[in-house]
Amino acid sequence: MTNEKMNFMELGMDDLEIVSGGTVREFDDLVYEFVQIPVLADLCGTAVGHVPGANNVAAYAVELGLEQYLGIKADISLGFCGTGIGSDPNKYIEISTGKSLSHAEVIQRIRNYKG
């Protein structure tokens with residue numbers, strides 16, 4: 001096997017990591033937490049779900065809910081057709097302070113939201 005083929009395989013493994021444990025997985029976590037809270041679940045309506053391509057609508061609803069109800073500016077990247085391939089890391093910023101938040105911090109804030 002040549003070095004070129006080896007590098008291509010490593011890049012493919014990185015892409016698979018993004019799909020299986022990266023941005024799309026984080027999105028699924030956010031959706032799960034949103035549907036536990038009626039006002040946030042209503043915001044998402046029937047758009048919530050993981051259907052590649054169609055999940056971009058739900059991602060927009062989640063970003064909107066995080067901003068309007070929790071004061072978090074989110075940039076959710078689902079990559080090519082919502083599959084996670086070619087996606088950038090999701091970003092979360094607390095609007096009032098400009099502080100970057102981790103995915104775990106955002107999940108905790110959703111869980112603590114009383115509506």
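Thresholds, definitions, all that
- Residues numbered from 1 in each chain as written.
- Predicted model: local features only at pLDDT ≥ 70, side-chain atom pairs only at ≥ 80, totals over all residues.
- Heavy atoms only, no water.
- Core = buried A, V, L, I, M, F, W, Y, C linked by side-chain atoms within 4.5 Å.
- Buried < 20%, exposed > 50% of the residue type's maximum accessible area, 1.4 Å probe, protein only.
- Helix = DSSP H or I, 4+ residues; strand = E, 2+ residues; numbered from the N terminus.
- Expected span 1.5 Å × (residues − 1).
- Salt bridge = Lys/Arg side-chain N within 4 Å of Asp/Glu carboxyl O.
- Axes fitted to C-alpha atoms, helices over the stretch in contact; angles between N-to-C directions.
- Parallel < 35°, antiparallel > 145°, perpendicular 65-115°, else oblique.
- Left-handed = near helix turned anticlockwise from the far one by under 90°.
- Contact = heavy atoms within 4.5 Å.
- Nonpolar A, V, L, I, M, F, W, Y, C, P; charged D, E, K, R; others polar.

A. View of the nonpolar core. Grouped together as the largest cluster of nonpolar side chains are 22 residues, with contacts concentrated most on Phe27, Leu30, Val62, Leu66, Ile76, Val106 and Ile110. Put simply, the parts of the chain that give this core at least two residues each are helix H2 (23-34), helix H4 (55-70), strand E1 (72-75) and helix H5 (103-112).

B. Quick look at H4. Over its 16 residues, H4 runs 21 Å from end to end, which matches the ideal 22 Å to within 8%, given 1.5 Å per residue. What H4 keeps buried is the set Asn55, Ala58, Ala59, Ala61, Val62, Glu63, Gly65, Leu66 and Leu70. Just past H4, the residue Gly71 takes up positive phi, approximately 65 degrees.

C. Structural context of the pattern of salt bridges. Scanning all chains against the criterion turns up five salt bridges. Here Glu33 and Arg111 are joined by a salt bridge, their closest N and O atoms 3.0 Å apart. With Glu33 in helix H2 and Arg111 in helix H5, this residue pair connects regions lying 78 residues apart in the sequence. Given a relative accessible area of 8%, Glu33 falls into the buried group. Between Arg109 and Glu94 there is a salt bridge whose closest N-O contact spans 2.7 Å. A residue pair is termed long-range when its members are at least 10 positions apart, and Arg109 in helix H5 and Glu94 in strand E2 (residues 91-94) qualify at 15 residues. The class for Arg109 is partly exposed, based on a relative accessible area of 26%. Given the relative accessible area of 15%, Glu94 is considered buried.

D. Structural detail: the packing of H2 against H4. Running from N to C, H2 and H4 cross one another at 60 degrees; their axes reach a closest spacing of 11 Å. The orientation of H2 with respect to H4, classified from their angle, is oblique. Judged by the twist between their axes, the crossing of H2 over H4 is left-handed. Residues Phe27, Leu30, Val31 and Phe34 of H2 form the contact with H4, whose own contacting residues are Asn55, Ala58, Ala59, Ala61, Val62, Gly65 and Leu66. Considered class by class, the residues forming the contact of H2 with H4 number nine nonpolar, two polar and no charged.

Spatial relationships are all this shows, so hold off on functional conclusions.
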